[in-house]
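Breakdown of the fold
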Amino acid sequence: MVITAGIDLGSTYAKIVILRDGVNLGFAVLPTGHDHDETSKRGLDLALKAAKLERKDIEYIVSTGYGRNITTLANESISEISANAWGTRHIALKYGIRTIVDIGGQDTKVIALDDNLNVADFRMNDKCAAGTGRFLEVLAKTMGVPLQEMGALSLRSTKKVDITVTCLVFAKAEVSNLMTQGHTKEDIIAGIHRAIAKRLATMARKVGVRREVFFDGGPARNIGMRKALEDELGTPLIIAEMPQIVTATGAAYIAESKVKKGAART
Amino acid sequence: MDVGTLYTKVVLMRDDIVVAMLMERTTMRSAEQTQQMLDVALENAGEEPGTPVEVFSTGAGRKNVPFAAEQKTDYITMCTGARFLFPTARMVIDIGGQGIRIVELDDMGVMQNFRTNDKCSTGTGCFLETMSLALNIEYEVMGELGLAAKNPCRIQSICTIFGESEVVSLVAKGRPKEEILAGLYGMVSTKVSSMIRSMGLKRDVVAVGGVARSRGIIKHLEDAIKCPVLVPKYPHMVCALGAALGASSRARRKGPPEPAKAEVTGTGGA
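Below: a short report on this structure. It should be emphasised that the depicted structure is a prediction, and the values quoted were computed from it without experimental measurement.

**So, the overall build of chain A**
Per the secondary structure count, chain A includes eight helices and 10 strands. The C-alpha radius of gyration of chain A comes to 19 Å, within 12% of the 18 Å expected for a compact globule of 266 residues. Referenced to the eigenvectors of the C-alpha coordinate spread, the extents of chain A come out at roughly 60 × 40 × 30 Å. Residue burial in chain A is summarised as follows: out of 266 residues, 50% are buried. Here the contacts in chain A between residues at least 6 apart in sequence split such that 70% fall between residues at least 24 apart.

**Here we look at unusual backbone geometry**
In most cases, non-glycine residues show a negative phi, while peptide bonds are predominantly trans. Of the consecutive residues A:Arg211 and A:Glu212, the connecting peptide bond is found in the cis state with omega at 0 degrees. Examined against the element boundaries, A:Glu212 turns out to sit in the loop between α6 (185-207) and β9 (213-216). Here the amide bond leading from B:Arg203 into B:Asp204 is cis, since omega sits at -5 degrees, within 30 degrees of zero. Within the secondary structure, B:Asp204 is located in the loop between α6 (177-199) and β9 (205-208). Although it is not a glycine, B:Asn136 sits at a positive phi angle of roughly 55 degrees. Position of B:Asn136 among the secondary structure elements: in the loop between α3 (125-135) and α4 (142-145).

**So, the environment of B:Ser198**
Residues and elements named next belong to chain B. Residue position: Ser198 is located in helix α6. Of the residues examined, Ser198 has 9 C-beta atoms within 10 Å and is grouped as exposed. C-alpha of Ser198 to C-alpha of Val3: the two residues are 195 residues apart in sequence and 29 Å apart in space.

Criteria and cut-off values
- Residues numbered from 1 in each chain as written.
- Chains lettered and ligands numbered in written order.
- Predicted model: local features only at pLDDT ≥ 70, side-chain atom pairs only at ≥ 80, totals over all residues.
- Helix = DSSP H or I, 4+ residues; strand = E, 2+ residues; numbered from the N terminus.
- Rg over C-alpha atoms; globule rule 2.2 N^0.38 Å.
- Buried ≥ 20, exposed ≤ 12 C-beta atoms within 10 Å, placed from the backbone.
- Contact = placed C-beta atoms within 7 Å.

So, in structure tokens, the structure goes:
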């Protein structure tokens with residue numbers, strides 16, 4: 001029996017997953033806040049509580065994400081790209097995934113997998129807020145719509161309204177303008193989803209889109225975002241039950257394989 | 001008349017001498033706004049409102065000036081204006097409200113090459129406005145405050161939105177605002193200087209547009225490109241000046257102007 005934990009310290013949310021022999025026993029998702037180390041400890045304890053375990057039960061911890069080197073809990077850290085690929089392998093092995101599209105809080109990634117599900121190529125944008133989770137978050141606030149309601153609202157769109165600018169700063173102004181011009185919330189939100197999907201699709205085409213395509217990260221919970229991306233890529237997407245914890249699951253899965261290979265907790 | 005994304009600028013010339021200048025925040029109703037501004041400028045110059053004037057419009061909202069005889073792109077007017085003020089200019093940098101444009105000219109002032117970035121807000125007027133809110137500093141004093149900073153912050157981001165978060169956390173860590181501002185100047189100069197490098201530096205370099213009013217940004221830019229940057233006294237009025245110069249040479253070619261049509265039709269945004 002091997003018990004391991006994966007900690008994904010994202011820019012916006014921290015995700016912690018505990019695995020026992022490949023089975024998810026418990027997980028936690030909490031806002032990252034200012035003190036990454038403190039957050040990861042709090043998150044681990046929450047996940048342990050859900051799994052009815054204690055810290056001493058865990059054999060190995062792997063951290064990943066933006067704050068992966070800040071947490072003092074981890075035995076080692078690993079890039080989000082690898083963790084994401086491992087997570088996909090663990091969660092969606094049976095689907096034959098070849099491309100992963102991930103929207104994070106402050107970045108977007110497209111990962112191409114080879115036939116053995118190893119990382120073959122990837123593209124990442126963490127320089128510009130356009131196309132990231134932040135884009136959705138800021139524009140939801142501009143419109144005064146709760147983030148969770150964006151998806152459902154966008155499905156009721158009846159008219160095509162486009163966001164013509166790239167930069168989020170300009171998009172904020174454009175969205176306010178569209179609202180003053182009397183466009184409906186539903187149409188504007190659908191336009192926002194389409195703008196993000198277009199940027200992702202451009203990135204994805206650079207690495208090459210091979211089916212099946214797996215969509216993960218927090219915004220994958222948004223049905224409107226999913227539909228827009230399916231339209232842009234012209235292929236159906238496979239979504240995890242809990243898209244937010246794919247990368248953390250991958251980190252825990254890596255930890256498990258390390259233990260099996262003989263890594264001991266120090 | 002320069003209808004920018006953030007501000008509308010009017011320069012009135014009589015016999016090639018500037019007799020009035022005016023700047024206002026661009027509204028959604030450019031047609032009315034530009035007409036009113038023209039009348040005010042005429043009054044300031046001691047003329048009757050409604051006096052016929054040859055008008056050229058420029059800027060992102062140039063199509064929203066119904067009485068303009070001709071519309072000129074910003075590229076043309078910024079070069080005309082800059083070469084009028086600095087006849088030796090070979091490179092003109094315009095940092096406006098929503099875009100950065102760099103034009104390379106030959107000895108005769110003919111455009112050779114240009115670079116533009118209007119997809120990204122970093123370094124533009126929008127960038128400075130966002131940061132002035134994040135730092136809670138008056139927009140007007142932002143250009144000077146960071147000049148004396150001894151230990152400028154290093155800002156990692158190159159995106160306005162991510163930079164804003166970085167600024168907020170630097171403020172929370174208690175870094176002096178002057179040092180953060182100096183870091184922001186560095187962010188702008190990095191972007192502009194890399195655009196310049198991709199074209200090849202040509203002297204003399206002239207900076208125009210509202211952001212060029214920031215002495216801090218100009219100083220950091222000079223350090224980055226290792227070359228002095230000439231800045232006119234009113235850099236934000238240069239495109240409007242270029243348009244006025246264009247209009248006055250057209251007026252000379254065809255004699256006394258027709259009465260300007262002051263009919264205001266429709267509305268338009270910037």
